[in-house]
Amino acid sequence: MTGEYGAEEIQVLAGLEAVRKRPGMYIGSTGTRGLHHLISEVVDNSIDEALAGFCKEISVILNKDGSVTVTDDGRGIPVAEHPKFKVSALEVVMTKLHAGGKFDKKTYKVSGGLHGVGISVVNALSKKLIVSVKRDGFIWEQTFEKGNKKTEVSKEEATTETGTTVTFFPDEEIFDAIDFDYDTIALRLRELAFLNKGIKISLKGDKEDVFHYEGGIKSFVEYLNEGKSAFHEPIYFEKVEDEIELEISMQYNNSYQETVFSFVNNINTHEGGTHLSGFKTALTRALNKFVEKGTTVQGEDVREGLTAVISVRIPEPQFEGQTKTKLGNSKVKGLVDSIVTEKLIEYLQENPKIARLITDKIINAAKAREAARKARELTRRKGLLEGSSLPGKLADCASKDPAASEIYLVEGDSAGGSAKQGRNREFQAILPLRGKILNVEKSRLNSLLKNNEIVTLITAIGAGIGDEFDISKARYHKVIIMTDADVDGHHITTLLLTFFFRYLKPLIDEGYIYIAMPPLYKMKKGKQEFWIANEKEKEEKLKELGDGVSIQRYKGLGEMNPNQLWDTTMNPDNRILTQVTIEDAVEADRIFRILMGDDVQPRREFIEKHAKEVDELDI
Ligand code: 0RA
């Protein structure tokens, strides 16, 4: 036996029938998310080997037959006989729930959330799983079906290497569909490579990528700041204390956005928690020591233009909050606070020029905040933001029930006019937007509040803006962006989405934001007319109708009369709406920055690379 663990260390908690009976309890859902969770589960085991210092490379292959192969060069799952069960430890690990040699506190297994449920869950939910272990001088293999063993562990040829390879075929009886998405997997693997410096993670499927960052979270910060002018090299601290490992990297840029991501045991803590609040407190305290006497800067000022990643490893994390992504362990706050305060003050003292750049920036931010407060007060006094007087351009609906009400944001006055005539005024409000709205990525709140289109929009929605945004006051639960299906239309949609993302984000989180999909074509055969939503439908309809069909491409909403607009794009019975969701906050933030930021080169590269996705506006 090699290493510290042996077969006898492995604890066993329960059987696998429960997993097939209620898969949602173990992997969250049987939809796309749950399916992708299977890969995470296997990869997390390999990452654990890497954290324990035994694994350098992980490879993930999305096979053409729907199976996935994950290989690592760790110690290999132990194959010796388990003293209690009298079968190989490998079989125990694969067939018993929560079996694993790694439940002691020294390793950073995750106790909350969905991670760390064990590789046996993947086995239970796979119609077939093949595991191959290199260990103790040989290759060992075993096969399972739906979690039950199909073959005994077999001893194959000799090898001096070590490692584990798992190939699993997700069970169609369990999952809604077996369709792995390369990009979703790539995002997560890239994140893991950033968070675990030095590990090489490769992915093969329709495409190929290798993620390997010697700089770890420092590289992560650079990646997030792509396309921004940074003030300095990323700052980096690390410290281990009381069994807690802390790593922080941060870098200021010339933008007005705050981009701070926090992680606990490789999991994105979307809801923050004690590690994040420790960091914020320390940042504000440390920087206040460097601004002139008599000036005070607040938390939001010191985070303007800041990109930071905080990564904590802790033996027994307590996860709280609605989505169980908020760290609760109270002792982490003080620890992070004291380390960041000490290290940051030291850094700023050693780098006075950078300290000056940062303090100038945050003092400006404080002034701008004060100006925004005054502007807001002024507009509020005039009753503008509060909705006491609705904007003249808004054709409101009759319903006063937000849950039943919709607002269409329509590009241009002429389409706005058609929409007003075509709508159902009972529950549909129309707000025409003239021309391009402001690029919020390049403006602070106070200049936004001077922009008519923005103020009109905020007033119509009626729930305020930024920190003062209150979703319970939203006057509509559907905010529908309706623009032409051309480059300008897409640009306006992107500008609006950026605005919602930066200032009215709860609307996106709650699923209130939609994009209307006007038809792309009109088809005619004899007297019959058909509206065609997309290319796929066009092909299908052409086949169905045969010869003698005329096709007309619709470009602008203005080409449709009010009735046609209602029939194709606004009538809830026929229309197609795309709900805007943000699956991955890290990537969304970066994309908006690249698309809307001031650096042209990365934007061009991005658009060339993602032209199709951008066209589909799938964020
Ligand atoms: C139990 C004990 C040990 C390693 C593993 C499981 C293990 C599991 C997986 C899953 C994928 N790759 C893996 N690599 C290792 C410790 C083994 C020892 O002490 O030598």
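Data block above holds the structure.
Residues numbered from 1 in each chain as written. Predicted model: local features only at pLDDT ≥ 70, side-chain atom pairs only at ≥ 80, totals over all residues. Heavy atoms only, no water.

**Topic: the overall build of the protein chain**
In terms of regular secondary structure, the protein chain is built from 20 helices and 24 strands. The 619 residues of the protein chain split such that 54% are buried. When the accessible surface of the protein chain is totalled, it reaches about 28,200 Å², and 48% of it is carbon and sulfur. (Helix = DSSP H or I, 4+ residues; strand = E, 2+ residues; numbered from the N terminus. Buried < 20%, exposed > 50% of the residue type's maximum accessible area, 1.4 Å probe, protein only. Areas by Shrake-Rupley, 256 points an atom, 1.4 Å probe, with all protein chains shown as cover.)

**Notes on the packing of helix H12 (residues 413-422) against helix H18 (residues 562-570)**
Look at H12 against H18: their axes get within 8 Å of each other, and the N-to-C directions meet at 80°. Taken together, the axis directions place H12 and H18 in an arrangement best described as roughly perpendicular. Residue-level contacts link Ala415, Ser418, Ala419, Gln421 and Gly422 of H12 to Pro562, Leu565, Trp566 and Met570 of H18. (Axes fitted to C-alpha atoms, helices over the stretch in contact; angles between N-to-C directions. Parallel < 35°, antiparallel > 145°, perpendicular 65-115°, else oblique. Contact = heavy atoms within 4.5 Å.)

**Notes on the side chain of Asn439**
As for its placement among the helices and strands, Asn439 is situated in the loop between strand E18 (428-433) and helix H13 (445-448). Polar side-chain contacts of Asn439 include one of 2.9 Å to the backbone nitrogen of Glu441. Sequence-distant contacts of Asn439, defined by excluding residues within four places in its chain, comprise Leu495 and Met596. (Polar contact = N/O pair within 3.5 Å; in protein donor to acceptor, adjacent residues only side chain to side chain.)

**A short note on the sheet that holds strand E21 (residues 521-525)**
The sheet built from three strands is open, its strands ordered E22-E21-E23 with antiparallel pairing. The open sheet is flanked by strand E22 (528-532) and strand E23 (550-553), the only strands paired with a single partner. Between one strand axis and the next, the sheet turns through 20° on average, direction left out of account. One ladder, built from five bridges, connects E21 with E22; its direction is antiparallel. Residue pairing across strands places Met523 opposite Phe530, the latter belonging to E22. Helix H17 (residues 535-545) rests against E21, E22 and E23 of the sheet, and its axis sits at about 5° to E21. (Pairing = 2+ DSSP bridges.)

**Here we look at the packing of helix H6 (residues 182-195) against helix H7 (residues 217-224)**
The contact between H6 and H7 brings their axes to 7 Å, and the two run at 130°. Between H6 and H7, the crossing angle belongs to the class labelled oblique. Between H6 and H7, the contacting residues are Arg190, Glu191, Phe194 and Leu195 on the first element and Ile217, Ser219, Phe220 and Tyr223 on the second. In the contact of H6 with H7, the residues fall into five nonpolar, one polar and two charged. (Nonpolar A, V, L, I, M, F, W, Y, C, P; charged D, E, K, R; others polar.)

**Here we look at helix H10 (residues 331-350)**
For H10, with 20 residues, the first-to-last C-alpha span of 29 Å sits near the 28 Å given by 1.5 Å per residue. The secondary structure elements touched by the buried residues of H10 are strand E10 (235-241), strand E11 (244-252), helix H8 (274-288), strand E16 (326-327) and helix H11 (352-381). (Expected span 1.5 Å × (residues − 1).)

**Description of the side chain of Thr493**
If you trace the backbone, Thr493 turns up in helix H15 (residues 487-503). Polar contacts involving the side chain of Thr493 include one to the side chain of Thr483, which spans 3.0 Å.

**A closer look at the pairing of strand E19 (residues 478-482)**
Counting buried residues along E19, four of its five residues qualify, which places the element largely inside the surrounding structure. Across five bridges, strand E17 (residues 406-411) lies against E19 in parallel orientation. Across the sheet, the residue bridging to Glu406 is Lys478, located in E19. Of the strand pairs in this sheet, E19 and strand E20 (residues 513-516) are connected by three bridges, and their pairing is parallel. Bridge pairing in E20 links Val479 to Ile513.

**Re the pattern of salt bridges**
Pairing is possible between side chains of opposite charge, provided their charged atoms come close. Tallied over the full model, the rule gives 36 salt bridges. Residue Arg303 pairs with Glu258 through a salt bridge whose shortest N-O separation is 3.0 Å. Taken together, the residues span a long stretch of sequence, with Arg303 in the loop between helix H9 (299-302) and strand E14 (306-313) and Glu258 in the loop between E11 and strand E12 (259-264) at a distance of 45 residues. For Glu258, a relative accessible area of 35% puts it in the partly exposed group. Put simply, Asp509 and Lys505 hold a salt bridge, and the shortest N to O gap is 3.4 Å. (Salt bridge = Lys/Arg side-chain N within 4 Å of Asp/Glu carboxyl O.)

**With respect to the nonpolar core**
One recurring pattern in soluble globular proteins is that nonpolar side chains are buried together. Grouped together as the largest cluster of nonpolar side chains are 60 residues, with contacts concentrated most on Ile39, Val60, Leu62, Met94, Phe168, Leu189 and Phe220. Among the elements that line this core, the one with the most residues is H6, at eight residues. Setting aside anything within four residues of it in sequence, one finds Phe168 in contact with Leu38, Ile39, Val42, Ser67, Val68, Val122, Ser126, Lys128, Leu129 and Phe180. Grouped together as the second largest cluster of nonpolar side chains are 45 residues, Cys397, Ala429, Ile437 and Leu504 included. (Core = buried A, V, L, I, M, F, W, Y, C linked by side-chain atoms within 4.5 Å.)

**A short note on the packing of aromatic side chains**
With the rule as written, the count across this model stands at nine aromatic pairs. Note on Phe138 and Trp140: the rings are 6.1 Å apart at their centroids and 75° apart in plane angle, and the pair reads as edge-to-face. Taking relative accessible area as the criterion, Trp140 reaches 16% and is therefore assigned buried. Taken together, a centroid distance of 4.9 Å and an interplanar angle of 35° make the contact between Phe501 and Phe592 tilted. With Phe501 in helix H15 and Phe592 in helix H19 (residues 585-596), this pair connects stretches of sequence that are 91 residues apart. As far as the burial class goes, Phe501 and Phe592 line up, both buried. Through a chain of ring-to-ring contacts, the aromatic side chains of Phe194, Tyr213, Phe220, Tyr223 and Phe263 assemble into a single cluster. Its end group placed over the ring of Phe138, Lys155 keeps NZ or CZ at 4.1 Å from the ring centre. (Phe/Tyr/Trp six-rings, centres within 6.5 Å; stacked < 30°, edge-to-face > 60°. Lys NZ or Arg CZ within 6 Å of the ring centre and 35° of its normal.)

**Overview of H17**
Among all positions of H17, only Lys538, Lys541 and Leu545 are buried. One side of H17 carries all its buried residues, which in axial view fall inside an arc of 75°. Projecting away from the buried face of H17 at angles above 90 degrees are the exposed residues Lys536, Lys543 and Glu544. On its buried face, H17 sits against E21 and E22. Positive phi appears at Gly546, one or two residues downstream of H17, with a value of about 75°. (Arc of directions from axis to C-beta.)

**Examining the pairing of strand E7 (residues 163-170)**
Judged by how many residues are buried, E7 sits mostly within the fold: seven of eight residues are covered. As paired elements, strand E2 (residues 68-72) and E7 share five bridges and run antiparallel to each other. In the sheet register, Thr69 faces E7, and the bridge partner there is Thr167. Pairing of strand E3 (residues 126-135) with E7 involves eight bridges; the strand directions are antiparallel. In the strand pairing of E7, Ser126 is matched with Pro170.

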